[in-house]
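# An overview of the molecular structure
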Amino acid sequence: MGSINRDLTLRVPHRPDGGETVLGTEATFAPGGKGANQAMAAARAGARVRFVGSAGPDGAPFVRALGDGGVDVSAVEITGSTTGLAVVLVTTDGQNSIVVAPGANELLTAEQVERVVAAEVAAAEERDGAAPVVLLQCEIPIGAVVDGVRTAAARGARVVLNLAPYAPLPGDVLAVCDPLVVNESEAGQALGRRVATGADAADAAIDLARRARSAVVTRGAGGAVVARAGDVTVVPGLTVPVVDTTGAGDAFVGTLAARLAADDDLMAAVRAGNAAGARAVGHRGAQPPNANGPTTLEER
């Protein structure tokens, strides 16, 4: 469950300082949103995916992009608000800065989430004999996140929470996450200290795993740090050419969740996520090129 956005990507020579105007070299619109990106990544990794989200009347191309990518979009609600917008600045080294206007994502209700999560957990148990993985992020109302986690955990589902963008959450919500996934910036916000080095990330993962069932701190090209039950393991990153880092973290998380749903252990799932993130930086935009059709909204 999560956000659906329209990504406006601007390629710039550098991020502008206060009061500075920068001439970009290119502007494109494409499907995005952390929730939609992760749903697409999970589907591409072989999972059966049902997506819970909210879009505006202008959101048909975004929902269609998910459906074309193999995601069940029957639980996506079309509201009277405009679809969320993300403005992405990508510099020549492929790094990005993002500003999000939530739009229709803010209209996703706790009641909608509870209803769909409960129904999907029951359906998965009847179909496969096992509860599913429920994957969430924080580009939607925090009340919906909290209720989604609590509903999933109460029904025996495995909860994977990508605490991005960072938001403070109740202790009982964090306690059932397996894993809690954050990048270094989000780890620092959660712990109230700077997380910048590999040693910092290892310490942060250990501390976060005390609040959750397990924790993963992602480090971009530096790989990831995994902590659970007092143990910490560093999973090295992969050295690859970088075109655009937008969506790489979402590729990691979506693939991680898909592999957990396929009964991989956490370390194997993190390694698969690392590989997906490395592939993601090799193409432009947040969602992977669609084997069934074009990706950019202009092409649609």
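Further up the page is the structure itself.
Source: prediction; values computed, not measured.

At a minimum axis separation of 7 Å, helix H1 (residues 34-44) and helix H8 (residues 248-261) run at an interaxial angle of 50°. Accordingly, the angle class assigned to the pair H1 and H8 is oblique. Relative to H8, H1 is oriented so that their crossing is right-handed. Counted together, Lys34, Asn37, Gln38, Ala41 and Ala42 of H1 and Asp250, Ala251, Val253, Gly254, Thr255 and Ala258 of H8 form the full contact between these two elements. Its residues assigned to classes, the contact of H1 with H8 shows 5 nonpolar, 4 polar and 2 charged.

On to helix H6 (residues 184-191), then. With 6 of its 8 residues buried, H6 lies for the most part within the structure. Of the positions making up H6, those classed as buried are Glu184, Glu186, Ala187, Gly188, Ala190 and Leu191. Where the residues of H6 are buried, they touch strand E8 (158-162), strand E9 (177-183), helix H7 (198-209) and strand E10 (214-218). Of the residues that open H6, the one with a side-chain oxygen 3.1 Å from the backbone nitrogen of Ser185 is Asn183. In the segment just after H6, Gly192 is the residue with positive phi, at about 70°.

On to the sheet that holds strand E5 (residues 84-90), then. The strand order E2-E1-E5-E6 describes an open sheet built from 4 strands, whose pairing is mixed. Single-partner strands in this sheet number two, and they are strand E2 (26-32) and strand E6 (96-101). When the angles between neighbouring strand axes are averaged without regard to direction, this sheet yields 20°. Pairing of strand E1 (residues 5-11) with E2, which is carried by 7 bridges, proceeds in the antiparallel orientation. Paired with Thr9 across the bridge in E2 is Thr28.

Two elements in contact, H6 and H7, have axes whose closest approach is 10 Å; the angle formed by their N-to-C orientations is 55°. Considering the angle they form, H6 stands oblique to H7. Crossing geometry of H6 relative to H7 is assigned as left-handed. Contact residues: H6 offers Ala187, Ala190 and Leu191, while H7 offers Ala204, Asp207 and Leu208. Residues that form the contact of H6 with H7 fall into these classes: 5 nonpolar, no polar and 1 charged.

Conventions we followed
Residues numbered from 1 in each chain as written. Predicted model: local features only at pLDDT ≥ 70, side-chain atom pairs only at ≥ 80, totals over all residues. Heavy atoms only, no water. Axes fitted to C-alpha atoms, helices over the stretch in contact; angles between N-to-C directions. Helix = DSSP H or I, 4+ residues; strand = E, 2+ residues; numbered from the N terminus. Parallel < 35°, antiparallel > 145°, perpendicular 65-115°, else oblique. Left-handed = near helix turned anticlockwise from the far one by under 90°. Contact = heavy atoms within 4.5 Å. Nonpolar A, V, L, I, M, F, W, Y, C, P; charged D, E, K, R; others polar. Buried < 20%, exposed > 50% of the residue type's maximum accessible area, 1.4 Å probe, protein only. Polar contact = N/O pair within 3.5 Å; in protein donor to acceptor, adjacent residues only side chain to side chain. Pairing = 2+ DSSP bridges.

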